[in-house]
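Working through the structure, step by step
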Amino acid sequence: MTDFIQLLLSGMATGSIYALAGLGFTLLWQASGTINFAQGEFVMLPAFMMLAFNAMGLPLLMSFLCTCAVATLVLGWGFKRGVVDPLFKFGMMPIVVATIGLAIAMRNGVRAGYSAEAHPFPSLFADKLFNVAGVTVTLADIGTLLLALALVLTTQAFLAKTVTGRAMQAVAQNTESATVLGINVPRMIFYTFAINAVLACAAALLVTPTYLAKFDMGESLGTKAFFAAIIGGFNNSRGPLLGGIIVGVFENLAAAYISPAYKDAVALILFMLVILFKPQGLLGKKVERKV
């Protein structure tokens, strides 16, 4: 039983990171109708940015803040203006193809420009173990889970409780009506891209100590985050949180009780089951479309 609880807590910590990355998929889809298949690379690149700032002598938290500023400019504003805006008028497929190409370019660019080797990444949490009622958990697992949950819940509270957040939701629901109401639609959409960039930086800070900083670390992470968003519900901001935790927990249980070889297949299996029996996701709502 203690082993099961340890696996559960560790899986929830990993799943909360999937939720952070998956929330970016949901936000971009709701606000601008964009699917970014370079989301995993949007986590990978900030990891290398933080390593670069850290190598300059900046402490980890300061490196994180500097990375957030650069990522907001490059992965937020630059991605919106350079990729999404020119292609949006041509429909979804060109954006999907462009983001897949962008992911490949980012991976190869980091491999050629930085290194193909895996680099250790400093952890935000001390290397400590806690034993509670026979259950041994690490400070990293507890801290990662709590911090990731706090970021996801704070983002949801921002969207639901603030004027700017409600304006962003209005844009997501009906762009034309939001424009009539006087909402600055381009600005609200940019805020969505900026929030996505910051969440990607936070995911990089939490996941890289375990994954190590490697040019292809975003490939698996992005896929699992996408599955988590679909499982939870692509049109519900709480969906990625539920989907991410489900994926993380079942991955750990499958690796422990079946075989580690099946760990990476868990997200795909869960995704297929949800698509078959509840296509809108566990928390998603059915959306009818007139043809």
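Everything numeric here is computed off the predicted structure, so don't read it as measured data. (Residues numbered from 1 in each chain as written. Predicted model: local features only at pLDDT ≥ 70, side-chain atom pairs only at ≥ 80, totals over all residues. Heavy atoms only, no water.)

**What about the overall build of the protein?**
Per the secondary structure count, the protein includes 11 helices and 2 strands. Secondary structure elements of the protein, listed N to C terminal, follow the sequence α-α-α-α-β-β-α-α-α-α-α-α-α. By the compact-globule yardstick of 19 Å for 291 residues, the protein fits well, its C-alpha radius of gyration being 19 Å. Dimensions along the principal axes, computed over C-alpha positions, put the protein at roughly 60 × 50 × 35 Å. Here the protein holds 291 residues, and 46% of them are scored as buried. Partitioning the contacts of the protein with sequence separation of at least 6, the portion at a separation of at least 24 is 74%. For the protein, the exposed area adds up to about 14400 Å²; of that, 67% sits on carbon and sulfur atoms. Taking the average location of the 18 positive side-chain charges in the protein and that of its 12 negative ones, the two points are 13 Å from each other. (Helix = DSSP H or I, 4+ residues; strand = E, 2+ residues; numbered from the N terminus. Rg over C-alpha atoms; globule rule 2.2 N^0.38 Å. Buried < 20%, exposed > 50% of the residue type's maximum accessible area, 1.4 Å probe, protein only. Contact = heavy atoms within 4.5 Å. Areas by Shrake-Rupley, 256 points an atom, 1.4 Å probe, with all protein chains shown as cover. Lys, Arg positive; Asp, Glu negative; His and termini not counted. Charge placed at Lys NZ, Arg CZ, Asp CG, Glu CD.)

**Observations regarding the side chain of Arg107**
Note that Arg107 resides in helix H4 (residues 92–113). Here the side chain of Arg107 touches Glu41 through a polar contact of 2.9 Å, side chain to side chain. (Polar contact = N/O pair within 3.5 Å; in protein donor to acceptor, adjacent residues only side chain to side chain.)

**A look at the packing of aromatic side chains**
Evaluated as defined, the whole model comprises 10 aromatic pairs. On the numbers, 5.7 Å between centres and 50 degrees between planes, the contact of Phe79 with Phe193 is tilted. With Phe79 in helix H3 (residues 60–88) and Phe193 in helix H8 (residues 185–211), the pair connects residues that are 114 residues apart, well separated along the chain. By the burial criterion, Phe79 is buried, and Phe193 matches it. Taken together, a centroid distance of 6.0 Å and an interplanar angle of 75 degrees make the contact between Phe226 and Phe234 edge-to-face. Taken individually, Phe226 and Phe234 each receive the classification buried, so the pair is uniform in this respect. What links up through ring pairs into an aromatic cluster is the set Phe25, Trp29, Phe37, Phe226, Phe227, Phe234 and Phe271. (Phe/Tyr/Trp six-rings, centres within 6.5 Å; stacked < 30°, edge-to-face > 60°.)

**A short note on the nonpolar core**
Of all hydrophobic cores here, the largest spans 79 residues; its most connected members are Leu20, Phe42, Val43, Phe64, Leu75, Phe226 and Phe234. No other element matches H8, which puts 15 residues into this core. If sequence neighbours within four positions are ignored, Phe64 has contacts with Met50, Cys201, Ala202 and Leu205. (Core = buried A, V, L, I, M, F, W, Y, C linked by side-chain atoms within 4.5 Å.)

**Details of a nonpolar patch on the surface**
A cluster of nonpolar side chains, contributed by Met1, Phe4, Ile5, Tyr257, Ile258 and Tyr262, occupies part of the molecular surface with about 690 Å² of accessible area. Summarising the element assignment, Ile258 is placed in the loop between helix H10 (239–257) and helix H11 (266–277). (Patch = residues over 30% accessible without salt bridge, like charges linked within 9 Å, V, L, I, M, F, W, Y side chains within 5 Å. Salt bridge = Lys/Arg side-chain N within 4 Å of Asp/Glu carboxyl O.)

**Some words on the pairing of strand S2 (residues 135–138)**
A one-sided burial pattern is seen for S2, the buried positions being Val135 and Val137 and the unburied ones Thr136 and Thr138. The sheet contact formed by strand S1 (residues 129–132) and S2 spans 4 bridges and is antiparallel. By the bridge assignment for S2, Val132 is matched with Val135. (Pairing = 2+ DSSP bridges.)

**Side note on the packing of helix H1 (residues 2–32) against helix H5 (residues 139–161)**
The interhelical angle for the contact between H1 and H5, taken along N-to-C directions, is 30 degrees, at an axis separation of 8 Å. The pairing of H1 with H5 is recorded here as roughly parallel in orientation. By crossing handedness, the relation of H1 to H5 is classed as left-handed. Contacts between H1 and H5 involve Ser10, Met12, Ala13, Ser16, Ile17, Ala19, Leu20, Leu23 and Leu27 from the first element and Asp141, Thr144, Leu145, Ala148, Leu151, Val152, Thr155 and Leu159 from the second. Of the residues in the contact of H1 with H5, the class split is 12 nonpolar, 4 polar and 1 charged. (Axes fitted to C-alpha atoms, helices over the stretch in contact; angles between N-to-C directions. Parallel < 35°, antiparallel > 145°, perpendicular 65-115°, else oblique. Left-handed = near helix turned anticlockwise from the far one by under 90°. Nonpolar A, V, L, I, M, F, W, Y, C, P; charged D, E, K, R; others polar.)

**With respect to the state of the cysteines**
The final tally for this structure, using the stated rule, is 0 disulfides. Here Cys201 stays free of any disulfide, with the sulfur of Cys68 as its closest cysteine sulfur at 4.2 Å. Overall, Cys201 belongs to the buried group, its relative accessible area being 0%. (Disulfide = S-S within 2.5 Å.)

**Comments concerning H11**
Between the first and last C-alpha of H11 there are 17 Å, a value that for 12 residues agrees with the 16 Å anticipated at 1.5 Å per step. Looking at the buried residues of H11, the elements they touch are helix H9 (217–232) and H10. (Expected span 1.5 Å × (residues − 1).)

**A short note on unusual backbone geometry**
The backbone of Leu212 shows a phi angle near 70 degrees, a positive value even though the residue is not glycine. By secondary structure assignment, the location of Leu212 is in the loop between H8 and H9. A relative accessible area of 33% places Leu212 in the partly exposed class.

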